Amino acid sequence: MHMSWRGTIPERFLSRPARAFVAGIALLGVVALMTLSVPAEPLAIDQSWSEAMQDIRTPLLTDVALVFNALGRGLGRALSLTAVAVVVFPRRRWVALLAFATTEVLTSLSSTLLKFLVGRPRPPDGLVHPVGSSFPSGHAAYAGATCLALVLLLTVPGPRRRWWWALAALAVLGMAWSRTYLQVHWLSDVVGGSLLGIGIALAVFGGAQLLIRMHRLPRDPVVPLRGQRR
């Protein structure tokens, strides 16, 4: 099967792709600063938030948090990513599919790399026992990247998109909350992870749209030399 950008309908993920690309790079810069400055021990706000999560613990909230945990790991993550590919692939939206795959791969790789570089210990007495260090939260990064990508893939720019943005924000916040509720991440871990995923998604989708726009610009007409036949 031959896949050609020229053979596809131009993607319009964003009304202002250049602004989205710059915003994405800026968010990644914030994550870089957090990576350089985050201490091994929890911040005061991390400790206070962790204690608040312990105070509100109930069986119902624990079940909700465990659902988020399952969605962001192993089979749950694989099924959700496959479902997106199944929706996009039959429509031959090659640019959209490539942007989505790039976003997910970069998010996973960068989260893993930053965990290795920072090596921050996780909170004690977690309700689940993931591997790896604490900063940034891989679940939060996955949620930020995937939820933003879904809005960009499956909706069109315009006023109606605001409701989907609200739903995506709730999903990202829910995932971030669940990681601190389960006592597997500090608050600053999920903030860094969410910003990482959102920043990568904005940079990739904004950059992809800009590249396609440049690729489709009409070329300057060739002016024949004097005496040369047209």
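Residues numbered from 1 in each chain as written. Predicted model: local features only at pLDDT ≥ 70, side-chain atom pairs only at ≥ 80, totals over all residues. Heavy atoms only, no water.

Asks: Is there a simple way to explain the packing of helix α5 (residues 94-118) against helix α6 (residues 138-154) in this structure?
Replies: Helices that pack against each other are described as a pair by the angle of their axes relative to one another and the distance between those axes. Viewed as axis vectors pointing N to C, α5 and α6 meet at an angle of 165°, and their least axial separation amounts to 10 Å. Judged by the inter-axis angle, α5 sits roughly antiparallel to α6. The two elements α5 and α6 meet at a crossing, and its hand is right-handed. The residues of α6 that touch α5, namely those facing Ala-96, Phe-100, Thr-103, Glu-104, Thr-107, Ser-111 and Lys-115, are Gly-138, Ala-141, Tyr-142, Ala-145, Thr-146, Ala-149 and Leu-153. Looking at the contact of α5 with α6 residue by residue, the classes come out as 7 nonpolar, 5 polar and 2 charged. (Axes fitted to C-alpha atoms, helices over the stretch in contact; angles between N-to-C directions. Helix = DSSP H or I, 4+ residues; strand = E, 2+ residues; numbered from the N terminus. Parallel < 35°, antiparallel > 145°, perpendicular 65-115°, else oblique. Left-handed = near helix turned anticlockwise from the far one by under 90°. Contact = heavy atoms within 4.5 Å. Nonpolar A, V, L, I, M, F, W, Y, C, P; charged D, E, K, R; others polar.)

Asks: Mind showing me how you'd approach the pattern of salt bridges here?
Replies: A side chain of one charge can pair with a side chain of the opposite charge if their charged atoms are brought near each other. The full count for this structure, using the stated rule, is 2 salt bridges. The salt bridge partner of Arg-120 is Asp-46, with a shortest N-O separation of 3.1 Å. Placement of Arg-120 in the loop between α5 and α6 and of Asp-46 in helix α2 (residues 44-55) is noted, with a sequence separation of 74 residues between them. In terms of burial, Arg-120 and Asp-46 fall into one category: buried. The partner of Arg-120 in a salt bridge is Asp-189, with the nearest N and O atoms 2.8 Å apart. Taken together, the positions of Arg-120 in the loop between α5 and α6 and Asp-189 in helix α8 (residues 187-215) put the pair 69 residues apart, joining distant regions of the chain. This pair shows no difference in class: Arg-120 is buried, exactly as Asp-189 is. The structure contains a network of salt bridges with shared partners spanning Asp-46, Arg-120 and Asp-189. (Salt bridge = Lys/Arg side-chain N within 4 Å of Asp/Glu carboxyl O. Buried < 20%, exposed > 50% of the residue type's maximum accessible area, 1.4 Å probe, protein only.)

Take it as geometry only, folks, not as evidence of what the structure does.
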